[in-house]
Amino acid sequence: MTAKEIQKRNVKADQLRVMQSEDGQFFVESSKGKILYNVVINEDAKSCTCGDFAKNSKNDPAFKCKHILAVENSVPEEDIESAKFLDKNIPRLKDGFLKNIKGKDFVLYAGVLDLATQKGLLKLEVELLQYPTKENGNEAICHAVAEGKNGEVFSDVGDANPGNCTEMIAKHLIRMASTRAKGRALRDMCNIGIACLEELSDLDDVVGSGTPQKNSRKTPAPKAKPAAAAIKETEEKKPAATTQKASEPVEKVNSKEKDSKETQTKDSKTEQKEPSMSEAQKRAIYNLSRRRGISVETLEGVCIEDYGTTLENLSSTDASAFIRTLQQAA
Amino acid sequence: MVLSDLRKTEHLSASSIGTYVECSLLYKFSKIDKIPMEQKSDAMEFGSSIHKTLEYYYIEKMIGEKLLLKDIHEFFETTWKIRAEDKTDIGYTKGHDFKSLLMLGKDLLTVWYNKIPDDNYNILGIEEAFSFYLPGIEFPFIGAMDLIEEDKSGTIIITDFKTSGKAYSKDDVDQNQQLTLYQLALKSMGYVGREILLKFDTLIKTKTPKFEQYWTTRSELDEHRLIRKAVQVWDGIQKGVFIPNDTSWKCKNCSYKVACDEWFSERFNERSAA
């Protein structure tokens with residue numbers, strides 16, 4: 001294989017989407033996105049299911065088609081064994097960073113930052129515009145500027161005063177103003193319309209002030225207990241004063257509002273009934289889609305359209321239904 | 001209880017339902033008259049040897065040992081030799097003999113070994129025998145599930161090991177009644193309400209050997225269809241309805257060809273005498 005041939009194929013390879021299924025196989029989408037080619041790279045040999053490889057590898061065992069090159073260009077050879085999903089992944093907001101409180105969605109600052117990083121956040125700067133003093137009502141104002149890899153710039157301001165923060169956060173007004181400013185700038189950069197949880201003025205009303213409790217759909221909810229017992233336990237666990245990280249996913253029961261506690265308990269029960277898609281279900285979905293010739297991109301699109309969420313965040317029930325749909329697909 | 005014990009009693013199975021539907025006279029010869037097969041097919045003996053090897057691999061995996069490919073080759077070679085070396089009752093298909101199938105087996109196992117996903121599912125059972133009754137059928141359904149696993153979320157995965165001459169079609173996978181029966185069996189074992197996924201791990205005997213996993217599921221309607229079919233088959237067996245399907249492409253290599261020809265000629269001789 002000549003250098004010119006490699007270069008020619010490398011140029012084409014750069015445009016191809018590479019992915020690795022859960023069972024460790026590499027798949028490279030055709031340039032038109034209609035077919036997935038299976039690329040096998042191991043110590044002994046490299047192969048691809050495309051026609052170019054079949055034709056040329058007979059005479060040249062070292063031949064590399066553009067699909068093999070695409071895999072090699074995406075993952076360093078020594079990392080192939082441990083690679084999961086390759087660099088062509090679409091940036092997305094991870095489900096664990098979304099919070100639904102009283103029926104309204106909020107995003108955590110950590111999630112916005114994560115997404116911005118995926119999108120190529122190059123620089124994030126904050127300037128303190130106003131120091132909190134008695135004269136200005138102890139209001140801190142910060143200005144944040146975010147710069148993306150392509151040079152695009154987004155900026156916004158954030159404010160924090162004892163009136164729009166919880167009692168605990170009131171001691172850290174500058175930091176909160178900074179977080180809010182950065183959150184707003186990054187939300188613009190990532191085109192996220194929903195507010196950051198940290199922007200809420202009455203955080204205490206919606207999340208309470210008890211023990212921080214990580215929220216994740218993947219973590220099974222505690223086994224169902226009588227509502228009263230669950231409430232009692234929550235109250236007993238509540239410490240006198242706890243430092244709370246604003247970026248930490250938090251969900252607590254408001255000790256003042258019994259109704260909201262009961263709702264919370266019900267929500268936990270609902271979560272129990274809706275566990276996340278299992279590993280095996282995910283593998284089945286990838287297997288079926290591959291057999292049906294459905295690209296990962298199409299798969300994601302269908303998933304969002306039909307179930308309103310990304311493939312990774314499907315519930316077990318939805319995954320089950322999706323498997324049936326894929327099974328019936330021609 | 002192991003499958004060989006269960007087989008000692010009157011029973012039905014996924015394959016016997018299939019056999020009855022395809023050629024009920026063949027069912028009669030093998031299951032009712034219990035006529036020994038005139039010859040064993042090489043594909044069946046070969047498939048059983050591969051099957052035994054995979055079973056061995058998973059038994060070792062369950063106890064925490066990851067076998068090396070050379071161990072797997074050795075086990076297969078021993079198994080294949082016991083089953084096929086110097087055996088005259090095996091009918092080899094054109095282009096195959098003991099040695100060529102030994103080589104093919106090793107090639108297939110190499111591909112399988114290199115492609116089998118390194119998942120960490122919890123192994124619940126290997127060659128797990130079952131026996132359960134379906135409504136309206138007096139005999140139990142028996143069988144053995146090659147591999148039962150459970151993932152971290154509690155999804156159950158039933159795997160059936162296969163060797164095949166060609167890749168499976170969508171219908172081969174989605175309409176396979178053996179997997180439907182396995183799902184019914186699993187539910188009878190107390191797994192009702194669990195997410196159940198089914199798959200074939202298929203070693204494909206193409207010129208370039210391949211390994212393919214085919215995942216599938218079964219709905220309650222699929223289960224109902226199988227039960228309806230099984231009840232009809234049972235009814236036919238009870239009433240002694242055994243119709244030969246002598247236009248099938250399978251007749252050529254049937255293990256009861258002589259018995260079948262004799263069955264046809266019985267009435268012919270009676271008519272000639274009259």
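Here, every reference points to the structure presented above.
Residues numbered from 1 in each chain as written. Chains lettered and ligands numbered in written order. Predicted model: local features only at pLDDT ≥ 70, side-chain atom pairs only at ≥ 80, totals over all residues. Heavy atoms only, no water.

Visitor: Any chance you could explain the environment of B:I82 here in plain terms?
Guide: Residue and element names in this part refer to chain B. Residue placement: I82 occurs in helix 5 (residues 69–84). Since its relative accessible area comes to 59%, I82 is described here as exposed. For the pair I82 and S49, spaced 33 residues apart in the sequence, the C-alpha separation amounts to 9.3 Å. (Helix = DSSP H or I, 4+ residues; strand = E, 2+ residues; numbered from the N terminus. Buried < 20%, exposed > 50% of the residue type's maximum accessible area, 1.4 Å probe, protein only.)

Visitor: Even after reading the chapter, I still don't get helix 3 (residues 66–74) of chain A, so can you show me in this structure?
Guide: Every α-helix carries 3.6 residues per turn, so stepping three or four residues along brings you back to the same face. All names here are of chain A. Of all nine residues in helix 3, eight are buried, a share of seventy percent or more. Among the residues of helix 3, K66, H67, I68, L69, A70, V71, E72 and S74 are the ones counted as buried. Against the buried residues of helix 3 lie helix 1 (3–13), strand 1 (18–20), strand 2 (26–29), strand 3 (36–41), strand 4 (46–48) and helix 2 (51–56). (Contact = heavy atoms within 4.5 Å.)

Visitor: Before we go on, may I ask you to explain the pattern of salt bridges in this structure?
Guide: When charged atoms on two side chains of opposite charge get close, those side chains can pair. Scanning all chains against the criterion turns up 29 salt bridges over all chains. The salt bridge involving B:D174 is made with A:R292; its shortest N-O contact spans 3.2 Å. Of the two residues, B:D174 is situated in helix 7 (residues 170–174) and A:R292 in the loop between helix 9 (279–291) and helix 10 (296–307); the pairing between them involves two chains. Comparing B:D174 with A:R292, the two get one shared label, buried. Across the pair A:R324 and B:D222 runs a salt bridge, and its minimum N-O distance is 3.5 Å. (Salt bridge = Lys/Arg side-chain N within 4 Å of Asp/Glu carboxyl O.)

Visitor: What is the right way to look at the packing of helix 2 (residues 14–22) of chain B against helix 8 (residues 177–191) of chain B in this model?
Guide: Helix-helix packing: each pair is described by the crossing angle between the helix axes and the interaxial distance. Residue and element names in this part refer to chain B. Contact pair helix 2 / helix 8: the axes reach a minimum separation of 9 Å and the direction vectors enclose 140°. In the packing of helix 2 onto helix 8, the handedness of the crossing is right-handed. Of helix 8, the residues touching helix 2 (which contributes A14, I17 and G18) are Q177, Q178 and L181. Looking at the contact of helix 2 with helix 8, its residues break down into three nonpolar, three polar and no charged. (Axes fitted to C-alpha atoms, helices over the stretch in contact; angles between N-to-C directions. Left-handed = near helix turned anticlockwise from the far one by under 90°. Nonpolar A, V, L, I, M, F, W, Y, C, P; charged D, E, K, R; others polar.)

Visitor: I keep staring at the interface of chain A and chain B and nothing clicks. Help me out?
Guide: Many descriptions give the size of an interface as the accessible area lost when the pieces come together. The partner chain B presents 23 residues to the 21 residues of chain A that form the contact. Summed over both partners, the interface of chain A with chain B comes to about 1800 Å²; 46% of that surface belongs to carbon and sulfur atoms. Summed over the shared surface of chain A and chain B, the result is five salt bridges. Run the count over chain A and chain B and you get 18 residue pairs in polar contact (both at pLDDT 80 or more). For the side of chain A that touches chain B, the secondary structure elements donating two or more residues are helix 9 and helix 11 (316–328) of chain A. Residues that form the side of chain A that touches chain B fall into these classes: five nonpolar, nine polar and seven charged. (Buried area = accessible area lost by both parts, 1.4 Å probe. Polar contact = N/O pair within 3.5 Å; in protein donor to acceptor, adjacent residues only side chain to side chain.)

Visitor: Please clarify how the sheet that holds strand 5 (residues 156–164) of chain B should be interpreted in this entry.
Guide: Strand pairing in a sheet is mediated by backbone hydrogen bonds. Such pairs are either parallel or antiparallel. All names here are of chain B. Reading across the sheet, the five strands line up as 3-4-5-6-7 and stay open at both edges, with mixed pairing between neighbours. Whereas interior strands pair on both sides, the edge strands pair on one side only; in this sheet they are strand 3 (122–132) and strand 7 (210–216). Taking each pair of neighbouring strands and ignoring which way they run, the sheet shows an average axis angle of 30°. Here seven bridges tie strand 6 (residues 196–204) to strand 7, and the two strands are oriented antiparallel to one another. Note that in strand 7 the partner of L203 across the bridge is F211. Most of the contacts of helix 6 (residues 98–115) go to strand 7, to which it runs at about 55°, and overall it touches strand 6 and strand 7. Sheet strands in contact with helix 8 are strand 3, strand 4 (141–150), strand 5, strand 6 and strand 7, and its direction is about 95° off that of strand 3. (Pairing = 2+ DSSP bridges.)

Visitor: What should I look at first to understand the nonpolar core in this one?
Guide: Most often, soluble globular proteins keep nonpolar side chains buried together rather than apart. All names here are of chain B. Counting residues in hydrophobic clusters, the biggest one holds 40 residues, and the most contacted among them are F132, L134, F141, M145 and I158. Look past the residues within four positions of M145 in its chain and what remains in contact with it is I126, E127, E128, F130, I158, Y182, A185, L186 and M189. Judged by nonpolar contacts, the second largest core, of 26 residues, contains F46, Y58, A84 and W112. (Core = buried A, V, L, I, M, F, W, Y, C linked by side-chain atoms within 4.5 Å.)

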